[in-house]
Amino acid sequence: DVKVTQSSRYLVKRTGEKVFLECVQDMDHENMFWYRQDPGLGLRLIYFSYDVKMKEKGDIPEGYSVSREKKERFSLILESASTNQTSMYLCASSLIVNTEAFFGQGTRLTVV
Amino acid sequence: KQEVTQIPAALSVPEGENLVLNCSFTDSAIYNLQWFRQDPGKGLTSLLLIQSSQREQTSGRLNASLDKSSGRSTLYIAASQPGDSATYLCAVESGNTPLVFGKGTRLSVIA
């Protein structure tokens, strides 16, 4: 079974902190994604990567950056956390384009 | 820009009923459509993936259909059970655009 693992289930950070959310997949998938999920807004794409060292902006990249130094790991970075970044963050991976996507368990981030 | 809509937003049914969840999308040039399940506070679990060339996919009590030309998909759940209570999300993948999601249908199956 594909496993996508996010480093934390719950996280509380202070405004202005630099925050790292880590995601690891164990099935040699080419593609990895970061979404955030908010009530009433659904899932929105932050960044994605179709290859190691490659990254593309999604619909809401402002305030975020990503790193993919190794194929299995995709990190989301909040450069200076703000309260409006309080959200559920979901990481996903897929083998290639047009294949099934698998999601991690989510990280509930609260910025105070 | 692709938009995905799910109706209804919430649904409550008695145990044992057959039910249909609806999903529509605005751009029919899709690679695939996927249905997911999400339990409260958890990540998404993949249920079914329908390629653009397919009309339907089945898994156990679940059957998903796709009418690409009209931009519609349905998820049929047979003989619903309380354990089916969750939010169901559909999403479409197009070109080099990753999955675009609807806002989901929150299903409650009452024992």
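Attention in this report is confined to the structure presented alongside it. (Residues numbered from 1 in each chain as written. Chains lettered and ligands numbered in written order. Predicted model: local features only at pLDDT ≥ 70, side-chain atom pairs only at ≥ 80, totals over all residues. Heavy atoms only, no water.)

### A look at the interface of chain B and chain A
Listed as interface residues are 22 residues of chain B and, on the opposing side, 22 residues of chain A. Roughly 1700 Å² of surface becomes buried between chain B and chain A when both sides are summed, with 54% attributable to carbon and sulfur atoms. The three residues of chain B that bury the most area against chain A are B:Leu44, B:Pro98 and B:Phe101, which together make up 27% of that side's buried surface. In this structure, the connection of chain B to chain A is made through zero salt bridges. Our count for the chain B to chain A interface comes out at ten residue pairs in polar contact (both at pLDDT 80 or more). Taken together, the elements giving at least two residues each to the side of chain B that touches chain A come down to strand S4 (32-38), strand S5 (44-51), strand S9 (86-94) and strand S10 (97-101) of chain B. Tallied by class, residues from the side of chain B that touches chain A come to eight nonpolar, ten polar and four charged. (Contact = heavy atoms within 4.5 Å. Buried area = accessible area lost by both parts, 1.4 Å probe. Salt bridge = Lys/Arg side-chain N within 4 Å of Asp/Glu carboxyl O. Polar contact = N/O pair within 3.5 Å; in protein donor to acceptor, adjacent residues only side chain to side chain. Helix = DSSP H or I, 4+ residues; strand = E, 2+ residues; numbered from the N terminus. Nonpolar A, V, L, I, M, F, W, Y, C, P; charged D, E, K, R; others polar.)

### Focus on the sheet that holds strand S8 (residues 73-78) of chain A
Whenever strands of a sheet pair, they do so through backbone hydrogen bonds, lying parallel or antiparallel. All names here are of chain A. The strand order across the open sheet formed by four strands is S1-S3-S8-S7, and the pairing between neighbours is antiparallel. In the strand order of this sheet, the two ends are held by strand S1 (4-6) and strand S7 (64-70), each with one partner. Here the strands of the sheet are splayed against their neighbours by 20° on average, with no regard to which way each runs. Across three bridges, S1 lies against strand S3 (residues 19-25) in antiparallel orientation. Bridging from a neighbouring strand, Thr5 pairs with Val24 of S3. (Pairing = 2+ DSSP bridges. Axes fitted to C-alpha atoms, helices over the stretch in contact; angles between N-to-C directions.)

### Points about the pattern of salt bridges
Where charged atoms from two side chains of opposite charge approach closely, those side chains can pair. All names here are of chain A. In total, this model carries nine salt bridges over all chains according to the counting rule given. Measuring nitrogen to oxygen at the nearest pair gives 2.7 Å for the salt bridge that ties Lys71 to Glu30. Pair noted here: Lys71 is in the loop between S7 and S8 and Glu30 is in the loop between S3 and strand S4 (31-38), with a separation of 41 residues, a long-range link. Under the relative-accessibility criterion, Lys71 is labelled partly exposed at 22%. By relative accessible area, Glu30 is classed as partly exposed at 25%. When salt bridges that share partners are traced, they join Asp28, Glu30 and Lys71 into one network. (Buried < 20%, exposed > 50% of the residue type's maximum accessible area, 1.4 Å probe, protein only.)

### Considerations on the pairing of S10(B)
Note on strand geometry: in a regular strand, side chains alternate between the two faces of the sheet. Residue and element names in this part refer to chain B. Here S9 runs beside S10; their pairing, made up of three bridges, is antiparallel. Bridge pairing in S10 places Ser94 opposite Thr97. In sequence, S9 turns back onto S10 through a hairpin of two residues, with Gly95 there showing a positive phi of about 45°.

### Side note on the environment of A:Asn98
With respect to the helices and strands, the residue A:Asn98 is situated in the loop between strand S9 (87-94) and strand S10 (101-103). Setting aside residues no more than four positions away along its own chain, A:Asn98 makes contact with B:Tyr31, B:Asn32, B:Gln51 and B:Glu93. Of note is the side chain of A:Asn98, whose polar atom sits 3.0 Å from the side chain of B:Gln51.

### Quick word on the nonpolar core
In terms of nonpolar packing, the biggest core is built from 22 residues, with B:Phe25, B:Leu33, B:Trp35, B:Leu75, B:Ile77, B:Tyr88 and B:Leu107 touching the most fellow members. Only strand S3 (19-25), S4, S5, strand S7 (62-67), strand S8 (72-77), S9 and strand S11 (105-110) of chain B provide two or more residues apiece to this core. B:Leu33 has contacts with B:Cys23, B:Phe25, B:Leu48, B:Leu49, B:Ile50, B:Leu66, B:Ser73, B:Cys90, B:Ala91 and B:Val92, leaving out every residue within four places of it along the chain. Core analysis: the second largest hydrophobic core is formed by 20 residues, A:Val19, A:Phe74, A:Tyr89 and A:Leu109 among them. (Core = buried A, V, L, I, M, F, W, Y, C linked by side-chain atoms within 4.5 Å.)

### Section: the sheet that holds strand S1 (residues 4-7) of chain B
Residues and elements named next belong to chain B. Taken in spatial order, the five strands make up an open sheet running S1-S3-S8-S7-S6, and their pairing is antiparallel. One side of each edge strand has no neighbouring strand; the edge strands of this open sheet are S1 and strand S6 (56-59). If you compare each strand with its neighbour and ignore which way they point, the axes differ by 15° on average. Two elements, S1 and S3, share four bridges in a ladder whose sense is antiparallel. Pairing of Ile7 across the sheet is with Asn22, part of S3.

### Structural notes on the state of the cysteines
Residue and element names in this part refer to chain B. Counted by the stated rule, this structure contains two disulfides over all chains. Across a sulfur-sulfur distance of 1.9 Å, Cys23 and Cys90 are joined as a disulfide pair. Linking Cys23 and Cys90, the disulfide has an S-S dihedral of approximately 75° and is accordingly described as right-handed. With a gap of 67 residues between them, Cys23 in strand S3 and Cys90 in strand S9 connect regions that are remote in the sequence. Accessibility assignment for this pair places Cys23 and Cys90 in one class, buried. (Disulfide = S-S within 2.5 Å.)

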